[in-house]
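What follows is the residue order along each chain.
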Amino acid sequence: MPDLVRNFIGGEWVESRSGATFNTYNPATEEVIAPVAQSGSADVNAAVDAAKEAYKNWRLTPAPRRGEILFRVAQLLAERKEQLASLMTQEMGKIISETRGDVQEAIDMAYYMGGEGRRLMGYTAPVEMPNKFGMALRDSVGVIGLITPWNFPIAVPSWKILPALIAGNAIVFKPGEDTPATAAEFVRVFQDAGLPPGVLNLVLGAGEVGDFLVTHQGVRVISFTGSTQTGLKVYAKAASIGKKVSLEMGGKNAIIVLDDANLDLAVDAITWSAFGTTGQRCTATSRLIVQSGIKPQLVEALVEKARGLKLGNGLDESVNMGPLVNQKALEKVSGYIKIAKHEGVKVLIGGERPSDMDKGFFFQPTLFDGVERGMRVEQEEIFGPVLSIVEVGSMEEAIEVNNGVAYGLSSSIFTENVNAAFRAIRDLTTGIVYINHGTTGAEIQFPFGGTRGTGNGMREAGQVGLDSFTEWKSVYVDYSGRLQRAQIDTERILNG
Ligand code: ADP
């Protein structure tokens, strides 16, 4: 049996206080990868204490020095990219080219946030009185709690850990319970890059470990990515004790294809956005909203393309689609096939586990035709390789269908008409809009996040990604050296 995957607390790799463990599995083979420390409240308390202690010095470390450590993180990630990608594929199933991309996001983010060490821009503005100076600074917050899912086991934590660190915070990180080994190897990179002990702590385990973090009085901010159901619970609990919360939750993303679209581009983008990561991305395309004229050729080409996808172990470079993450996911996706049939939807291709694969949580790429607005398969996040096709008569109708769901993460339109493209940019009410590109593939220098049920208005990445992990401090300096009351309006001095 391989080594225990341990917690990382105060700079030490440690077993859980109780000694309890759980296993992490390979979803393609159903084999155990390693036993994992199962944390309890005592482990979370120890991690928060270590973070509090380490915060005292980390907040005083000049940001350019903090940035140098992040550059070193980027270099080490680049050196270990292949090992990290391979472990990730084994632990959560997505194909090796995608797990390399997952690590690359963290490399990009480490360089980007490392550069923030010499920016972290605040601003100055003129002030009302003579001999007075005013400025607004970004300040660190303290101990940050991070709760992340399994589908981007390095990229998503990197969007939180790197901005939180450059801003001078200390962290307790609770990764998804399906990817603890990948999370531990990611944390080891920070240790090896010279991050001081206690600045980044790792506690492993299931949802209750996240809950201990959410309710811990020593944690000032919670940044969460995961399901809407869990995210809203986290939000309510954390808000009741006055915490700032940043949420990234579900999606029900669509690609709109108008009659004048470039068919080849659209087919390629729809295939990879719908079936990449086995449909388990928050930005995955799960609806195709297609204008009537182009629908027959488009659907025919998509069926052909889906039929050609090779399923298998993602470590095999020739494989196009890995398994779903676990048995529960397989049951959920299978459940939606029943729902679709019940709703009168036609299954064009897929809809089952592949009959020739007896191990692993594989599911065939699936296309639903005849989907109508308001059906459950058109409204609910399925999180699997399932695409619902909705036929529309016009662009206006397409936009209405796109906007008519409870989520608002990502949307896309394929058209060769520049006027239609700009109208779509104006009218699509998602946080991310693509023109002639699938719904996935965000870059780290732009805000990432969604409207409506996808989040709570916060964004990750880009400059605004710092907002979750900083407080604004407004500073006024009076350098007159004498009493100025006679010259000024006392009303103003008494304000605020
Ligand atoms: P999924 O497993 O589908 O990604 P979840 O929302 O269940 O979605 O999980 C996202 C993260 O939230 C995981 O790290 C999980 O352990 C954690 N989590 C689950 N339940 C809770 C909870 N009640 N409080 C805090 N964190 C939780």
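No experiment lies behind these values; they were computed from the predicted model shown. (Residues numbered from 1 in each chain as written. Predicted model: local features only at pLDDT ≥ 70, side-chain atom pairs only at ≥ 80, totals over all residues. Heavy atoms only, no water.)

All chains considered together, the criterion is met by 25 salt bridges. Across the pair Glu15 and Arg6 runs a salt bridge, and its minimum N-O distance is 4.0 Å. Classification of Glu15 as partly exposed rests on a relative accessible area of 43%. Glu116 is the partner of Arg119 in a salt bridge, and the nearest nitrogen-oxygen pair spans 3.0 Å. Members of the salt-bridge network, linked through shared partners, are Glu82, Arg100 and Glu317. (Salt bridge = Lys/Arg side-chain N within 4 Å of Asp/Glu carboxyl O. Buried < 20%, exposed > 50% of the residue type's maximum accessible area, 1.4 Å probe, protein only.)

This part takes up the sheet that holds strand β5 (residues 123-124). Taken together, the 3 strands give an open sheet; going across it, the order is β5-β6-β21, and neighbouring strands pair in antiparallel fashion. Strands with a single pairing partner mark the edges of an open sheet, and in this sheet they are β5 and β21 (471-478). The pairing of β5 with strand β6 (residues 132-139) spans 2 bridges and is antiparallel. Looking at the pairing, Thr124 lines up with Met135 of β6. (Pairing = 2+ DSSP bridges. Helix = DSSP H or I, 4+ residues; strand = E, 2+ residues; numbered from the N terminus.)

This part is about the environment of Gly134. Within the fold, Gly134 resides in strand β6. Judged by its relative accessible area of 8%, Gly134 is buried.

Here Glu460 is to be found in the loop between β20 (451-452) and β21. Residue Glu460 is classed as buried on the basis of its relative accessible area of 3%. Engagement of the side chain of Glu460 in a polar contact is seen with the side chain of Lys160, the distance being 3.0 Å. Excluding residues within four positions of it along the chain, Glu460 makes contact with Trp159, Lys160, Ser223, Thr225, Glu248, Phe446, Pro447, Phe448 and Gly465. (Polar contact = N/O pair within 3.5 Å; in protein donor to acceptor, adjacent residues only side chain to side chain. Contact = heavy atoms within 4.5 Å.)

One can read the domain layout of the chain as domain 1 (7-249 + 455-474) and domain 2 (253-435). Each side of the interface is counted separately: domain 1 has 21 residues, and domain 2 has 25 residues. Across the domain 1 to domain 2 interface the summed buried area is about 2,000 Å²; carbon plus sulfur atoms make up 58%. Linking domain 1 to domain 2 there are 2 salt bridges. Put simply, Glu317 and Arg100 hold a salt bridge, and the shortest N to O gap is 2.8 Å. Counting every contact that joins domain 1 to domain 2 gives 8 residue pairs in polar contact (both at pLDDT 80 or more). Mapped by element, the contributors of at least two residues to the side of domain 1 that touches domain 2 are α3 (81-92) and α4 (96-116). The leading source of residues in the side of domain 1 that touches domain 2 is α3, at 4 residues. (Domains from an automatic or database assignment. Buried area = accessible area lost by both parts, 1.4 Å probe.)

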